[in-house]
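Survey of secondary and tertiary structure
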Amino acid sequence: MTNCLTWQGRVASYVDAELPCPEMEAFRAHLATCPDCAATTLALMESKMAVRRAGNRYAAPPELRAKVLSLAKDEPAVARGAIGGDRARFRTIVPRYWTGWAIVTAALLLLAAGLFLAANRRQNAKAVAEFADLHVTALASANPVEVVSTDRHTVKPWFQGRIPFTFDLPDLQATPYTLVGGRVAYFHQEPGAHLIFGYQRHLISVFIFRDTPQVAMPASFFADNTSSFTLRTWTQQGLRYVILGDANAAAIANLMELLQRAR
Amino acid sequence: MKAETASYGEFERLAMPLFDSLYNFARWLAEDATEAEDLVQETFKKALHGFASFVPDSDFRAWMFRILRNTFLTSRTGLRARLTVELDPEDEETTPVTWETPESLALASATREALQAALDGLPVVYREAVLLCDVEEMKYQEIAQVLSVPVGTVMSRIARGRKLLRQMLAGERSVRSGSAWK
Ligand SMILES: [Zn+2]
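One structure accompanies this document, and this report is about it. (Residues numbered from 1 in each chain as written. Chains lettered and ligands numbered in written order. Predicted model: local features only at pLDDT ≥ 70, side-chain atom pairs only at ≥ 80, totals over all residues. Heavy atoms only, no water.)

Overview of the overall build of chain A
- If you tally the helices and strands in chain A, you get 9 helices and 7 strands.
- Counting every position in chain A, which comprises 263 residues, the buried fraction comes to 52%.
- In chain A, the proportion of contacts linking residues at least 24 apart, taken out of those at least 6 apart, comes to 62%.
- For chain A, the exposed area adds up to about 12,300 Å²; of that, 54% sits on carbon and sulfur atoms. (Helix = DSSP H or I, 4+ residues; strand = E, 2+ residues; numbered from the N terminus. Buried < 20%, exposed > 50% of the residue type's maximum accessible area, 1.4 Å probe, protein only. Contact = heavy atoms within 4.5 Å. Areas by Shrake-Rupley, 256 points an atom, 1.4 Å probe, with all protein chains shown as cover.)

As for the nonpolar core
- Of all hydrophobic cores here, the largest spans 81 residues; its most connected members are Phe11, Val40, Phe44, Phe60, Met64 and Leu119 of chain B.
- In terms of residue count, the dominant contributor to this core is helix 4 (residues 60-73) of chain B (9 residues).
- Counting contributing residues, this core receives three or more from each of domain 1 (2-81) and domain 2 (86-169) of chain B.
- Core analysis: the next-biggest nonpolar cluster, separate from the first, contains 30 residues, Tyr177, Tyr199, Tyr241 and Ile243 of chain A among them. (Core = buried A, V, L, I, M, F, W, Y, C linked by side-chain atoms within 4.5 Å. Domains from an automatic or database assignment.)

Here we look at the packing of helix 9 (residues 140-147) of chain B against helix 10 (residues 151-169) of chain B
Residue and element names in this part refer to chain B.
- Axis separation between helix 9 and helix 10 bottoms out at 8 Å; the angle between their running directions is 100°. On the basis of the axis angle, helix 9 is roughly perpendicular to helix 10. Seen from helix 9, the contacting residues are Tyr140, Gln141, Ile143, Ala144 and Leu147; seen from helix 10, they are Val151, Val154, Met155, Arg157 and Ile158. (Axes fitted to C-alpha atoms, helices over the stretch in contact; angles between N-to-C directions. Parallel < 35°, antiparallel > 145°, perpendicular 65-115°, else oblique.)

Observations regarding unusual backbone geometry
Residue and element names in this part refer to chain A.
- Residue Ala17 is not a glycine yet carries a positive backbone phi of 55°.
- Here Ala17 lies in the loop between helix 2 (11-15) and helix 3 (21-33).
- Backbone geometry at Gln237 places phi at a positive 45°, although glycine is not the residue there.
- Structurally, Gln237 is set in the loop between strand 6 (230-236) and strand 7 (239-245).

Observations concerning the packing of aromatic side chains
- The tally for this structure, following the rule as stated, stands at 20 aromatic pairs over all chains.
- Among the aromatic residues, ring-to-ring pairing joins Phe11, Phe19, Phe44, Phe51, Phe54, Phe60 and Trp63 of chain B into one connected group.
- Note that Arg10 of chain A overlies the ring of Trp7 of chain A, its terminal NZ or CZ placed 5.3 Å from the centroid.
- Above the ring of Trp28 of chain B, the side-chain terminus of Arg57 of chain A is found at 4.8 Å from the ring centroid. (Phe/Tyr/Trp six-rings, centres within 6.5 Å; stacked < 30°, edge-to-face > 60°. Lys NZ or Arg CZ within 6 Å of the ring centre and 35° of its normal.)

Describing the coordination of the zinc ion
Residue and element names in this part refer to chain A.
- Distances from the zinc ion to its protein donors, Cys4 (SG), His30 (NE2), Cys34 (SG) and Cys37 (SG), fall within 2.1 to 2.3 Å.
- Between the 4 donor atoms coordinating the zinc ion, the angles at the centre fall across 100 to 114°, so the site counts as tetrahedral.
- Sequence spacing of the donors to the zinc ion: C-x25-H-x3-C-x2-C. Taken together, the residues Cys4 in helix 1 (residues 2-8) and Cys37 in helix 4 (residues 35-55) connect sequence positions 33 residues apart. Both residues of the pair, Cys4 and Cys37, belong to the buried class. (Donors = N, O, S within 2.8 Å, 3.2 Å for Na, K, Ca; no water. Tetrahedral: all angles 85-135°; square planar, octahedral: opposite > 155°, others 65-115°.)

Quick word on the pairing of strand 6 of chain A
Residues and elements named next belong to chain A.
- A large share of strand 6 lies buried, amounting to 6 of its 7 residues.
- Summarising the sheet, strand 6 and strand 7 pair through 7 bridges and their orientation is antiparallel. Bridging from a neighbouring strand, Thr230 pairs with Gly245 of strand 7.
- The antiparallel pairing of strand 6 with strand 7 creates a hairpin that spans 2 residues between the two strands, and Gln237 there sits at a positive phi of about 45°. (Pairing = 2+ DSSP bridges.)

With respect to helix 4 of chain B
All names here are of chain B.
- The end-to-end C-alpha separation of helix 4 is 20 Å, in line with the 20 Å expected for 14 residues at 1.5 Å each.
- By the criterion of burial, helix 4 is predominantly enclosed, with 12 of the 14 residues buried.
- Taken together, the buried positions of helix 4 are Phe60, Arg61, Ala62, Trp63, Met64, Phe65, Ile67, Leu68, Arg69, Thr71, Phe72 and Leu73.
- Capping the start of helix 4 is the job of one residue whose side-chain oxygen sits 3.1 Å from the backbone nitrogen of Arg61: Asp59. (Expected span 1.5 Å × (residues − 1). Polar contact = N/O pair within 3.5 Å; in protein donor to acceptor, adjacent residues only side chain to side chain.)

Considerations on the environment of His153 of chain A
- Following the sequence through the fold, His153 of chain A ends up in helix 8 (residues 152-158).
- A C-alpha to C-alpha distance of 8.6 Å links His153 of chain A and Leu169 of chain A, two positions 16 residues apart in sequence.

Side note on helix 10 of chain B
- A rise of 1.5 Å per residue sets the reference length of helix 10 of chain B, with its 19 residues, at 27 Å; its end C-alpha atoms lie 27 Å apart and thus fit the reference within 8%.
- Most of helix 10 of chain B sits inside the fold, with 16 of its 19 residues counted as buried.

Overview of the side chain of Thr233 of chain A
All names here are of chain A.
- Along the polypeptide, Thr233 turns up in strand 6.
- With a relative accessible area of 4%, Thr233 lands in the buried category.
- Engagement of the side chain of Thr233 in a polar contact is seen with the side chain of Arg240, the distance being 2.8 Å.
- In terms of polar contacts, Thr233 uses its side chain to reach the backbone carbonyl oxygen of Tyr241, at 2.7 Å.

Structural measurements only, silent on function.
See below:
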């Protein structure tokens, strides 16, 4: 594992999108073959997102904004002509802010795909990677769920009129799982339900879509023990269920059973 | 007069989109909301006065954050933080980068509140580096401009900050107990 030591030293630069292009490619190629480095990388990516969520903590009081805006008006002699009329030369910062994040998300998608590919090379990993991306993107967003409720009798009706089917949710009392909420997700322009469940400190995504050829997938993708993602999928009553998260494989399987028995 | 108005409008156009991030960052540095508000006001005042010296084509966001951070360093809380740094050299270039996946997972799966408490407990030098990298998503080069340190120092501070966070969340030791500075 001498080789891996070199790679592990670059994990942070990779996750922070700071590796030069050729090294980035080489790093990705290594991830596809090395579950250890892939797991480390995924863990750091998830940590980075967790810090991002936690770090966006304070909202500025509106009075302060007003004060700051009025500061400028009280300072008529500011920047006298120094840079007037040369607007075009200023760099716009907003797009840069977004590209950084887009790179991380794209890298994560590739990594998730790579992990599953490494485990199940011949399987159709495209759909898997897309669901992994939906999961990760939702958890990384400021509002992962649109309907926040632990009550299945609130969440289920919320989807009525928003998606073209209905589904049943299990009673989770007396189980270690909690319902966190739900949102509408899109898979190939098709609306479906994205439910988020809590298990210990893990968040597990359950996607429900009408069963179409696009969402057809092999029943399970286990990257090996060192990887932090497990995905299971099945169909029932014309619906395709996909369950995905970083909880252990048994926890995912138990939730799958609860969903299959839901009436 | 026309040029003046244009540059004033230019400042507002460039600076106001940064207002929320600057305030969030100020709150993370300062001890309370009042100090953070003063910090943000002071930053905008200084930036407004110094806008003529801002070099077009350079990084305006880094420039604003740098003013805020320098203003913080001269505040009471900032002086105390700086004193701590000087008393405790951080052997920056010798910090080895090692990864322990279970610890990393503890960080990724920590609650938002637990993570916020851990960030609060982090010494300011590491807290600011990690926040600029993960929350503001600045490039190492940009963070180096904000903090006025070499890129290598930025990288080791981020690595050390993340490592301390992981350790705190894995419950191995408390940084507040003073062991963080050796
Ligand atoms: Zn490796």
